[in-house]
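# Structural overview
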Amino acid sequence: MNHIKAIVFDFDGLILDTETTDYQAWQSLYRKHGSELPLSTWLPSVGNTTIEFNFDQEIAELTGNQIDRIEVRKQQKTIHLDMLEGVDPMPGVEDYLCAAERLGIRVGVASGSRRWWVVERLDQIGLLDRFETIVCRDDVGERAKPDPAAYVTAVSNLGVTADQAFAFEDSLTGVAAAKSAGLYCIAVPGPMTKNQSFDDADMRLESLTDMPLPELLVTLANP
């Protein structure tokens, strides 16, 4: 790899564990209607906005109860946001941001979520001003991961080339997007994805706390 000048972070599940709480919020609604949401049903949608499960419709089919899908989605959003109150960034994120600042490494976000969601959550955890660029799917014409558009745009906004940056990802579709954009990609699975295979990633860390940024840079410089 060339000299590293930038890091591009995924958001959901990587910076903030919104994926566990999203699942738990839906699970609470399933249970309210006397049913269960298996993790195996949920997992294909993690990090992949090209797959949309109609969970509210599935609740109706499983229980035989007619439900208001708009109201159900509204309830899920409210529960989810309540769950995220007071939740801290994933372990190691703030240490990486501080180290990147000390080392003069630029940082950005490439997310498959919508901008309002990412910006509001980053502001909530006090990290909004730590990123030079934030690229979301509505910034790239709805071209969600595994399309590489968000990563291509983030790298361009940071003023570096793909071989001068690397990505952190927690999902299979995210890894595919980063690799398609030409970035070296390090998988850092979250609670929802820890049992998935990340064979296409260049490296895997179980947590950002496993390897501080200075040590990681040495490792990348001496593969």
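For the structure, check the block above.
Each value, and the rule that gives it
Residues numbered from 1 in each chain as written. Predicted model: local features only at pLDDT ≥ 70, side-chain atom pairs only at ≥ 80, totals over all residues. Heavy atoms only, no water. Buried < 20%, exposed > 50% of the residue type's maximum accessible area, 1.4 Å probe, protein only. Helix = DSSP H or I, 4+ residues; strand = E, 2+ residues; numbered from the N terminus. Contact = heavy atoms within 4.5 Å. Pairing = 2+ DSSP bridges. Arc of directions from axis to C-beta. Salt bridge = Lys/Arg side-chain N within 4 Å of Asp/Glu carboxyl O. Right-handed = clockwise from strand over helix to strand, strands pointing away. Core = buried A, V, L, I, M, F, W, Y, C linked by side-chain atoms within 4.5 Å.

Here helix 8 (residues 172-180) has its buried residues at Thr173, Gly174, Val175, Ala177 and Ala178. Each element contacted by the buried residues of helix 8 is listed here: helix 7 (149-157), strand 4 (165-169) and strand 5 (184-187). In the stretch just after helix 8, glycine 182 is the one whose phi turns positive, near 90 degrees.

Quick look at the side chain of glutamine 76 now. As for its placement among the helices and strands, glutamine 76 is situated in helix 4 (residues 69-84). Ignoring any residue separated from it by four or fewer positions in sequence, one finds glutamine 76 in contact with Asp22, Ala25, Trp26 and Leu29.

Attention now goes to the sheet that holds strand 2 (residues 106-110). Strands sit in the order 3-2-1-4-5-6 across an open sheet of 6 strands; the sheet is parallel. Bordering the open sheet on either side are strand 3 (133-135) and strand 6 (203-204), each of which pairs with just one other strand. One ladder, built from 3 bridges, connects strand 2 with strand 3; its direction is parallel. Its bridge partner being in strand 3, glycine 108 is matched across the sheet by threonine 133.

To continue, consider helix 6 (residues 115-124). In an α-helix, one full turn covers 3.6 residues, which means residues spaced three or four apart are oriented alike. Those residues of helix 6 that fall on the buried side of the exposure criterion are Trp117, Val118, Arg121 and Leu122. Mapping the buried residues of helix 6 onto a view down its axis gives an arc of 120 degrees, with all of them on the same face. Buried residues in helix 6 make contact with helix 1 (18-32), helix 4, strand 2 and strand 3. After helix 6 finishes, the residue glycine 126 shows a positive phi value of roughly 75 degrees.

Taken as a whole, this structure holds 11 salt bridges when the rule is applied. Note that glutamate 120 is salt-bridged to arginine 121, the shortest N-O span being 3.4 Å. Connected through salt bridges with shared partners, the residues Asp10, Lys145 and Glu169 form a single ionic network.

Looking now at the pairing of strand 1 (residues 6-9). Regular strands show a simple pattern: their side chains alternate between the two faces of the sheet. Residues of strand 1 alternate between two faces, with Ala6 and Val8 on one and Ile7 and Phe9 on the opposite face, all of them buried. As paired strands, strand 1 and strand 4 are joined by 4 bridges and run parallel to one another. Within the sheet, the bridge partner assigned to alanine 6 lies in strand 4 and is alanine 165.

Of all 5 residues that make up strand 4, 5 are buried, and the element is covered over most of its length. When strand 4 meets strand 5, the two strands line up parallel, connected through 4 bridges. The residue bridging alanine 167 from the neighbouring strand is cysteine 185, located in strand 5. The parallel pair strand 4 and strand 5 is bridged by helix 8, and the resulting crossover is right-handed.

All right, on to the nonpolar core then. With 37 residues, the main nonpolar core has Phe9, Ile15, Phe131, Phe166 and Phe168 as its most contacted residues. Those elements that provide at least two residues to this core are strand 1, helix 5 (93-103), strand 2, helix 6, strand 4 and helix 9 (213-221). Beyond its immediate stretch of four places on either side in the chain, isoleucine 15 contacts Phe9, Asp10, Pro89, Met90, Val93, Val109, Leu122, Ile125, Leu127 and Phe131. Ranked by size, the runner-up nonpolar core spans 23 residues in total, among them Val8, Ala150, Ala167 and Ala177.

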